[in-house]
Amino acid sequence: MEAEALYALRDPAGIPFYPVVFMILGVLTFAMHIFAVQLMLGATGMTLFGSFAGHDHWRRLSGAMLDVAKISVSVAIVLGVAPLLFVQVTYDPFWYTSNVLSASWVIGFVVILIVGYWSMYLYYFRNKGREPGSIPRSRWAMAVSLALLLVVGFIMHVLTVQMLYPEQWMQWYAPQDRLDTSGSGLYAFNLLRFLFFISFAVPVVGSWLVAYRRYFSVRQDVDREYLEWVGQLGGRLMQFGMVVTLILGILWMTSLPDKVADFATSPWVWISALALVGLLGIGALIRRQLHAWGYWAIGLTAVAGLVVAVSREALRWVNLKGVHGYNILDYKVNMDWYSTILFFATFAIVGGSVLAYLITVAWRAGQTEGVYTPGPVVRRMGAISAGLIVLWIVQYFVVGFVVWAR
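Residues numbered from 1 in each chain as written. Predicted model: local features only at pLDDT ≥ 70, side-chain atom pairs only at ≥ 80, totals over all residues. Heavy atoms only, no water.

Chemist: What's the story with the overall build of the protein in this structure? I'm lost.
Modeler: Counting its secondary structure elements, the protein contains 14 helices and 0 strands. The order of α-helices and β-strands along the protein, N terminus first, is α-α-α-α-α-α-α-α-α-α-α-α-α-α. For the protein, the C-alpha radius of gyration of 23 Å lies close to 22 Å, the compact-globule estimate for 406 residues. Reported as C-alpha extents along the three principal axes, the dimensions of the protein are approximately 65 × 55 × 40 Å. When each of the 406 residues of the protein is scored for burial, the buried share is 45%. In the protein, of all internal contacts separated by at least 6 residues, the share reaching a separation of at least 24 is 83%. A total of about 21000 Å² of accessible surface is found on the protein, and carbon and sulfur atoms cover 70% of it. Looking at the protein, you have 27 positive and 20 negative side-chain charges, and the mean spots of the two groups are 11 Å apart. (Helix = DSSP H or I, 4+ residues; strand = E, 2+ residues; numbered from the N terminus. Rg over C-alpha atoms; globule rule 2.2 N^0.38 Å. Buried < 20%, exposed > 50% of the residue type's maximum accessible area, 1.4 Å probe, protein only. Contact = heavy atoms within 4.5 Å. Areas by Shrake-Rupley, 256 points an atom, 1.4 Å probe, with all protein chains shown as cover. Lys, Arg positive; Asp, Glu negative; His and termini not counted. Charge placed at Lys NZ, Arg CZ, Asp CG, Glu CD.)

So this is what it looks like as structure tokens:
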């Protein structure tokens, strides 16, 4: 498709701030989102595996991972909104076209995700309060949940890939000169790319287990043997998972279409490969010196994921700018200071305050033996967070009323 046609699909109103900022924030928030997704999938998989295992440690870890999975689904959904919005703003001709071509699947995405989440909670309620070590009930529900979470991930993968092939949009929309307005097709995917990001769930959950061991090690009422077993398991998962991820990454690069085949040997790929190989080495070191790592493993895993996210964006840039001549950095800017300031204030002040409060409560509650009672500082943090949310809601309606009245 000609670049002029792609530019014609842009929003003529422009965007409210500099596009390079949207690009950077899109990469950063995608890295945060995909980390939560990978943790969600890893924790769900471990819950399912542990439910069938006969070892007491596995049964115990399965229960702990179920809590991680439930929370990770929520976090992944919340964090997924931001990169989705940034893609819609800067890549609107590509993203909306891809969504329209597969509109039925886009709508089905929400339904499938809800059923998957319900299945996870069905398993949770069916086993809530049961004796530790007993055989879990309704294990099929966790299997259904994991399968449906993978399905929604695949739908999002297809939408992301389809947007990279504008030269085939008309062929998909009007095959043999007959319009297909059903939106029922899934037209382009790269299974190796999908499996690469899915396999990253294994080292992510491995690093989480290393941090899990460190987090509970300060408590005197936790089984030390169990914690050591969890930490060693985390190191093994990081090693094994990273080997699989590296192999899939290499195969993904060899499967790139001819129009972007040169990207496979670009510096972006080499930097990502170094990050992943480094993570593989860290997994080996953790197994030898588990006590020396603590929370470092999960931090470095997140950094490696960010490096991969940057390379993913570079591949999209090479595809859309290098092949099709579409440059998001020349998007018309219609500066809107109010919405821009409101966004950053919401993100940094309101979001930061609430997140700091929730993390503080969760952190201290988990490391407290018995019932945790927040101190005056934490209670004040909660009051400030609630006050900021109320203030945000009030300004939202006030501004809306003023605009309406004018």
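Chemist: In this structure, what is going on with the environment of Asp221? I would like to understand it.
Modeler: Here Asp221 shows up in the loop between helix H9 (201-216) and helix H10 (224-254). The spacing of Asp221 and Glu369 is 148 residues in sequence and 7.2 Å in space, taken between C-alpha atoms.

Chemist: What is the right way to read the pattern of salt bridges from this model?
Modeler: Think of it this way: side chains of opposite charge can pair up when their charged atoms draw near. Within the structure shown, the criterion is met by 6 salt bridges. Residue Asp330 pairs with Arg10 through a salt bridge whose shortest N-O separation is 2.8 Å. Here Asp330 is found in the loop between helix H12 (296-323) and helix H13 (337-366), whereas its partner Arg10 is found in the loop between helix H1 (3-8) and helix H2 (19-52), with 320 residues between them in sequence. A relative accessible area of 39% means that Asp330 is categorised as partly exposed. By relative accessible area, Arg10 is classed as buried at 12%. One salt bridge in this structure joins Lys70 and Asp67, with 3.3 Å as the shortest N-O distance. (Salt bridge = Lys/Arg side-chain N within 4 Å of Asp/Glu carboxyl O.)

Chemist: Got a minute to help me understand the packing of aromatic side chains in this structure?
Modeler: For any pair of aromatic rings, the description rests on two quantities: the centre-to-centre distance and the angle between the ring planes. Enumeration over the complete set of coordinates arrives at 31 aromatic pairs. With centroids separated by 5.9 Å and ring planes inclined at 75°, the aromatic side chains of Phe17 and Trp337 adopt a geometry described as edge-to-face. Here Trp337 lies in helix H13 and Phe17 lies in the loop between H1 and H2, a separation of 320 residues in the sequence. Assessed through its relative accessible area of 13%, Phe17 is described here as buried. Grouping aromatic residues by their ring pairs yields a cluster made of Phe49, Trp58, Tyr212, Tyr215, Phe216, Tyr226, Trp229, Tyr295 and Trp363. Taking the ring centre of Tyr331 as reference, the NZ or CZ of Arg10 above it sits at 4.2 Å. When the ring centre of Phe30 is taken as origin, the NZ or CZ atom of Arg312, which lies over that ring, is 3.7 Å away. (Phe/Tyr/Trp six-rings, centres within 6.5 Å; stacked < 30°, edge-to-face > 60°. Lys NZ or Arg CZ within 6 Å of the ring centre and 35° of its normal.)

Chemist: So what exactly am I meant to see when it comes to H2 here?
Modeler: An α-helical turn contains 3.6 residues, so a residue and the one three or four places further along point in the same direction. Its 34 residues place the ends of H2 49 Å apart at the C-alpha level, agreeing with the 50 Å of an ideal helix rising 1.5 Å per residue. Counting buried residues along H2, 26 of its 34 residues qualify, which places the element largely inside the surrounding structure. (Expected span 1.5 Å × (residues − 1).)

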